[in-house]
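Residues per chain, in single letters:
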Amino acid sequence: MITICAALEAEVSSFKARFNMKKIASDLYYSEGDDIRLLITGIGPMRAAISIAALFGADKDRDLSNDILINIGSCGAECIDNSVVGEIYRINKIKDAISNKSYYPDMIINTGFKEAEIVSDNKIFRYDEKTETLSEGTVVLHDEEASGVYLAATRFLKQHNILFLKVVSDDSITRGDITLEKIIDIMDKSKDRLFQCIDDIKTIRDQVYQWDESIEPDKELLEKFFKECHASVTMQNEFMQYYRYAKLEGISVEDIIKNQYEKGKIPCKDKVAGKKVMKEIGENIISR
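Residues numbered from 1 in each chain as written. Predicted model: local features only at pLDDT ≥ 70, side-chain atom pairs only at ≥ 80, totals over all residues. Heavy atoms only, no water.

Would you take a moment to explain the layout of surface pockets for this structure?
Rolled over the atoms, a probe sized like a water molecule indicates the empty space that remains. Taken as a whole, the second largest pocket encloses approximately 640 Å³ of empty space. Every residue lining the second largest pocket is counted, 27 residues in all, and those nearest its centre are Pro-105, Asp-106, Tyr-242, Lys-279 and Glu-283. Elements with a contribution of two residues or more to the lining of the second largest pocket: strand S6 (88-96), helix H6 (233-248) and helix H8 (271-286). Examining the composition of the lining of the second largest pocket, we find that 6 residues originate from one element, H8, more than from any other. (1 Å grid on protein atoms, 1.4 Å probe; cavity = no way out; pocket = protein on both sides within 12 Å on 5 of 7 lines; lining within 4 Å. Points joined across faces, edges and corners; volume = space filled by probe spheres on them. Helix = DSSP H or I, 4+ residues; strand = E, 2+ residues; numbered from the N terminus.)

Please explain the side chain of Glu-145 as it appears in this structure.
Considering the arrangement of structural elements, one finds Glu-145 in the loop between strand S9 (140-143) and helix H3 (146-153). Buried charge without a salt bridge: Glu-145, with Lys-166 as the nearest opposite-charge side chain at an N-O distance of 4.8 Å. In this structure Glu-145 touches Ala-7, Gly-42, Ile-43, Gly-44, Pro-45, Ala-48 and Ser-120, once residues within four positions along its chain are discounted. (Buried < 20%, exposed > 50% of the residue type's maximum accessible area, 1.4 Å probe, protein only. Lys, Arg positive; Asp, Glu negative; His and termini not counted. Salt bridge = Lys/Arg side-chain N within 4 Å of Asp/Glu carboxyl O. Contact = heavy atoms within 4.5 Å.)

Sorry if this is basic, but what is going on with the packing of helix H5 (residues 219-228) against helix H7 (residues 253-262) here?
Axes are the key here: two packed helices are described by the angle between their axes and the distance separating the axes. Where H5 contacts H7, the two axes come as close as 11 Å, and the packing angle between them is 45 degrees. By the angle between their axes, H5 is oblique relative to H7. As for how H5 packs across H7, the hand of that crossing is left-handed. The residues of H7 that touch H5, namely those facing Leu-221, Leu-222, Lys-224, Phe-225 and Glu-228, are Glu-254, Ile-257, Lys-258 and Tyr-261. Tallied by class, residues from the contact of H5 with H7 come to 5 nonpolar, no polar and 4 charged. (Axes fitted to C-alpha atoms, helices over the stretch in contact; angles between N-to-C directions. Parallel < 35°, antiparallel > 145°, perpendicular 65-115°, else oblique. Left-handed = near helix turned anticlockwise from the far one by under 90°. Nonpolar A, V, L, I, M, F, W, Y, C, P; charged D, E, K, R; others polar.)

Looking at this structure, how should I read the packing of H7 against H8?
Interaxial distance between H7 and H8 falls to 11 Å at its minimum, and their mutual angle equals 135 degrees. As the angle between them shows, H7 and H8 are arranged oblique. The two elements H7 and H8 meet at a crossing, and its hand is right-handed. Together, Val-253, Ile-256, Ile-257 and Gln-260 of H7 and Val-277, Glu-280, Ile-281, Asn-284 and Ile-285 of H8 make up the contact between the two elements. Split into classes, the residues belonging to the contact of H7 with H8 amount to 6 nonpolar, 2 polar and 1 charged.

These figures capture arrangement, not role.
Printed below as a string of structure tokens:
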């Protein structure tokens, strides 16, 4: 199942019609045909966390190993060059402003969207409270839910099955007042690109989880690769998601691994170096 969550119904109102969703609770909609549900969490990290935990906690008797969560919403942005209002970003780092901890969602898919860090707080960000020193071309986003969604979701789902997509509604260049009408307008203009991304995820999900078991991996090579990358069970499971995706796309993972050996990057001296090599291979796969 794919779960889409947003803080405000106004941010995702068009999704209900697009996926033919029916209301099944005060904050929950479901599309049986697409096996997609839409959850409205409310504003703030605590409300988001409670809402996500309650939803997936009620699913405790269901296998969640193939579930995907997509957090979609509007956000503010710090930038110094050009306005980025209306831009869609895929979040590659979440910084919790309260705990000062950072988290790294890592879904294995090429969305085509730019990537950015988001700072998540329990209050509205003010542009006169600048938090980051920006270099040219850098963008730092701000919202009130991402950290709460991530922390709750990772109790139930695999980290690489969680995706954050944020649409910039205001930034440090325009500094306009944010109204519900403006959020609706910005999200409506972005909806087709978001719909396409979700359709792509549905397609890849169906391919990956209808895996043809007749496609046998090179077990001897993989065992040697995992051992010499000091890969934990979690690292191995995440890498196999890349492997399945690559095989379905006709990409030879074995050739990529052998290339890493030829470059002298493997064997790795420790788990940190191994994780870096495995991530590099994964990025190589999804960028093709």
